[in-house]
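Topology and contacts: notes
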Amino acid sequence: MTSKLLYQLDTDWTPSVFDNVVAYDGGADHVIGHAHVNADNVGPLVEGAIYTRGPKEKRFTAFFVGGSNMAAGEAVLKAVTAKFFGNFRVSVMMDSKGANTTAAAGVALLAKAASLAGKKAIVLAGTGPVGMRVAGLLALEGAHVTITGRQQDKTAAAAASISTRFGKEISAVAAPDSASRHAAIQGAHIIYAAGAAGHGLIDEAAWRNEASVELLADVNPEPPLGIGGIGAGDKGRDYDGKLAFGALGIGGLKLKLHRACVGQLFERADQILDAEEIYALAKATA
Ligand SMILES: NC(=O)c1ccc[n+]([C@@H]2O[C@H](COP(=O)([O-])OP(=O)(O)OC[C@H]3O[C@@H](n4cnc5c(N)ncnc54)[C@H](OP(=O)(O)O)[C@@H]3O)[C@@H](O)[C@H]2O)c1
């Protein structure tokens, strides 16, 4: 039996232990971590993968692109796929900072709970890797998406980057404090908090008093949560008609999805699992 080899191409100084463990749990026989990978030095690693095994065994070699910097991960993914030609390719999954799997899991749970098309969605602190993927996936579902961040320039740049990546219009609002974030959620149907761990973004009264709100999601697992008054373990908990999903409620599907994606890598040699592909699997799994 040919060994299933997963090469971690991590843009950080050390390969992620989290990604390493999940790779084994997802079915890889050996997981080999490479650190400080970038678009300029990844070429020989790709050549080692595509020129070794024959066509029938090639699917048992795969890449996982990770690290804490999404832009760096996207550059590595582009450089990896640029080396492929004909049958000289292997499957690749991209999940820098866990953003694809985390965003896909959360948005899939929302899409299962209600139609997102035409809804007004606010992604609070949506300038990080997870929030930017969440915004893109909500937009792909037909929602009208606005992201917030504390600084105008950074938020506008993040919105422009998401628009370019997903081909959808994304709005940006600077909301540096809770008062401005409370103003930003007015009229929203979906509130998705994607802020850094342990930072509260909006109070319970703010969303409870907003009649338009139907869905709440928060990926911050550490108290104070991004959305006050919901629970980290909520998975569709009904708060007087508003359904809430907390970080742990989303995290179960995220882990299941991450493992399933790794397993899927070894089914064929021609897959590129980025946001859209991982989201499709999330919707089939949620
Ligand atoms: N549930 C899961 O399975 C799972 C998996 C992975 C990650 N996560 C969680 O998902 C969240 C987002 O991850 P990420 O990597 O995208 O986060 P991140 O890049 O660390 O932070 C996201 C944004 O939070 C904002 N922020 C930082 N400090 C803040 C503060 N003191 N007050 C208000 N806003 C602040 C920043 O936006 P501005 O500077 O633009 O304001 C930043 O861009 C994190 O809480 C992470 O722990 C959950």
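The structure this text deals with has already been given above.
Residues numbered from 1 in each chain as written. Predicted model: local features only at pLDDT ≥ 70, side-chain atom pairs only at ≥ 80, totals over all residues. Heavy atoms only, no water.

Describing the site of the ligand
The environment of the ligand is formed by 22 residues, the closest being K97, T127, R150, K154 and G195. Between the ligand and the protein, one listed contact pairs an oxygen atom with a backbone N or O atom of P129 at 3.2 Å. In the model, an oxygen atom of the ligand is placed 2.7 Å from a nitrogen or oxygen of the K154 side chain. Its free accessible area being 930 Å², the ligand has 80% of it covered by the protein chains. Here the ligand occupies the largest pocket. In terms of residue class, the shell around the ligand is made up of 10 nonpolar, eight polar and four charged. (Near = heavy atom within 4 Å. Polar contact = N/O pair within 3.5 Å; in protein donor to acceptor, adjacent residues only side chain to side chain. Areas by Shrake-Rupley, 256 points an atom, 1.4 Å probe, with all protein chains shown as cover. 1 Å grid on protein atoms, 1.4 Å probe; cavity = no way out; pocket = protein on both sides within 12 Å on 5 of 7 lines; lining within 4 Å. Sits in = over half its atoms within 2 Å of the grid points. Nonpolar A, V, L, I, M, F, W, Y, C, P; charged D, E, K, R; others polar.)

Some thoughts on the sheet that holds strand β3 (residues 61-66)
What the five strands build is an open sheet, ordered β2-β1-β3-β4-β12; its pairing is parallel. The open sheet has two edge strands, β2 (30-34) and β12 (272-273), and neither has a second partner. Where strand β1 (residues 5-10) and β3 come together, six bridges link them in parallel fashion. When the sheet's bridge partners are listed, L6 is paired in β3 with A62. Sheet strands in contact with helix α3 (residues 70-82) are β1, β3, β4 (91-94) and β12, and its direction is about 170° off that of β4. (Pairing = 2+ DSSP bridges. Helix = DSSP H or I, 4+ residues; strand = E, 2+ residues; numbered from the N terminus. Contact = heavy atoms within 4.5 Å. Axes fitted to C-alpha atoms, helices over the stretch in contact; angles between N-to-C directions.)

Digging into the pairing of strand β8 (residues 190-193)
Residues of β8 alternate between two faces, with I190 and Y192 on one and I191 and A193 on the opposite face, all of them buried. Bridging between strand β5 (residues 120-124) and β8 involves four bridges; their strand directions are parallel. What sits directly across from I122, in β8, is I191. In the sheet, β8 pairs with strand β9 (residues 215-218) via four bridges, with the strands oriented parallel. The partner of Y192 across the bridge, within β9, is A217. (Buried < 20%, exposed > 50% of the residue type's maximum accessible area, 1.4 Å probe, protein only.)

None of this, on its own, says anything about what the molecule does.
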